[in-house]
Amino acid sequence: GKSTLAKVILGLQKPDAGTVQHFGNRPQMVFQDPYSSLNPAKRIGWILEEPLKNMGGIPAKERRRQALDMLKRVGLDEKLIDRYPDQLSGGQRQRVCIGAALMSRPGFLVADEAVSALDVTVQAQILGLLEKLKEEMGLSILFISHDMRVIYQISDRVMIMQGGRIVESGPIRQIFEAPQEEYTKKLIAAIPRCEKKKEASAHG
């Protein structure tokens, strides 16, 4: 149900009932696999400029300037603008994916398992980047994940879905410290003990 919800929000699938209301520019999405999300035949500059071309009315020089600015914003060196995706690491590719999604300045970003294909160290870096961009750009982020450790690290509020239905929702600490639903309790109980100790120390 999580990915279906994302598709409905993005307008890729029609809801069976109800409506989705967008404010500002259309929401953008960052996908799970940065390796398959980028066109291997195009340079990074082309990938970043493409959303601006689709918007129309932006001169080539300005598109290039904005692409270079976005590279810096997502923590990448400007010289990467002329490279191809296969010349970048997995973490760098995901930063490019995030940058491309933000080129049209959406107010809402959907991240569907956006760090699950990365190793733990790079996961932490990408989560930190999303937190930084959220503050700098006034973003709202719907972060979809099955990893409760990642959810705990990045979320302010959480919705627990089971069988396509939201069974529990609330502020992150409320859900983790006083879960009401058995399904939620099982998910939290499955977090490795070492992670729980880190959470406990984080609360002081």
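Here the structure is shown first, and the text comes after it.
Rules of the game
Residues numbered from 1 in each chain as written. Predicted model: local features only at pLDDT ≥ 70, side-chain atom pairs only at ≥ 80, totals over all residues. Heavy atoms only, no water. Pairing = 2+ DSSP bridges. Helix = DSSP H or I, 4+ residues; strand = E, 2+ residues; numbered from the N terminus. Axes fitted to C-alpha atoms, helices over the stretch in contact; angles between N-to-C directions. Contact = heavy atoms within 4.5 Å. Phe/Tyr/Trp six-rings, centres within 6.5 Å; stacked < 30°, edge-to-face > 60°. Lys NZ or Arg CZ within 6 Å of the ring centre and 35° of its normal. Buried < 20%, exposed > 50% of the residue type's maximum accessible area, 1.4 Å probe, protein only. Lys, Arg positive; Asp, Glu negative; His and termini not counted. Salt bridge = Lys/Arg side-chain N within 4 Å of Asp/Glu carboxyl O. Parallel < 35°, antiparallel > 145°, perpendicular 65-115°, else oblique. Left-handed = near helix turned anticlockwise from the far one by under 90°. Nonpolar A, V, L, I, M, F, W, Y, C, P; charged D, E, K, R; others polar. Core = buried A, V, L, I, M, F, W, Y, C linked by side-chain atoms within 4.5 Å.

Caption draft 1: Representation of the sheet that holds strand β1 (residues 28-30). Strand order in the open sheet formed by 3 strands is β1-β2-β3, with parallel pairing between adjacent strands. Among the strands making up the open sheet, the edge pair consists of β1 and β3 (140-144). Across this sheet, the average inter-strand angle for adjacent strands is 20 degrees, counted without regard to direction. This element, helix α1 (residues 2-10), spans β1, β2 (108-112) and β3 of the sheet and lies at about 150 degrees to β2. Sheet contacts for helix α5 (residues 90-102): β1 and β2; angle to β1, the most-contacted strand, approximately 175 degrees.

Caption draft 2: Structural view of the pairing of strand β4 (residues 157-162). In this sheet, strand β5 (residues 165-171) lies alongside β4 in antiparallel orientation, the contact comprising 6 bridges. Opposite Gln-162, over in β5, you have Arg-165 as the bridge partner.

Caption draft 3: Molecular detail of the packing of aromatic side chains. The full count for this structure, using the stated rule, is 1 aromatic pair. Lys-42 extends its terminal NZ or CZ atom over the ring of Trp-46, reaching a point 4.8 Å from the ring centre.

Caption draft 4: Layout of the side chain of Arg-95. As for its placement among the helices and strands, Arg-95 is situated in helix α5. No salt bridge forms around the buried Arg-95; measuring N to O, its nearest opposite-charge neighbour Glu-136 is 10 Å away. Ignoring sequence-local partners within four residues, the contact set of Arg-95 consists of Val-74, Gly-75, Leu-76, Gln-125, Ile-126 and Leu-129.

Caption draft 5: Spotlight on the pattern of salt bridges. Under the definition given, this model contains 12 salt bridges. In this structure, Lys-185 engages Glu-182 in a salt bridge whose closest nitrogen and oxygen atoms are separated by 3.4 Å. Pair noted here: Lys-185 and Glu-182 are both in helix α9 (residues 182-189), with a separation of 3 residues, about one helical turn. For Lys-185, a relative accessible area of 34% puts it in the partly exposed group.

Caption draft 6: Spatial organisation of the packing of helix α3 (residues 44-55) against α5. Interaxial distance between α3 and α5 falls to 7 Å at its minimum, and their mutual angle equals 25 degrees. For the element pair α3 / α5, the angle class is roughly parallel. When you trace α3 past α5, the crossing you get is right-handed. For the pair formed by α3 and α5, the contact residues are Ile-44, Ile-47, Leu-48 and Pro-51 on the first element and Val-96, Gly-99 and Ala-100 on the second. Residue composition of the contact of α3 with α5, grouped by class: 6 nonpolar, 1 polar and no charged.

Caption draft 7: Broad picture of the nonpolar core. In terms of nonpolar packing, the biggest core is built from 48 residues, with Leu-48, Val-96, Ile-98, Leu-102, Leu-133, Phe-143 and Phe-176 touching the most fellow members. Only α3, α4 (60-73), α5, β2, α6 (120-137), α7 (148-154), β4 and α8 (172-177) provide two or more residues apiece to this core. Per-element accounting of this core gives the leading share, 7 residues, to α6. Contact partners of Ile-98, with chain neighbours within four places excluded, come to Val-30, Val-74, Ile-126, Leu-129, Leu-130 and Leu-133.

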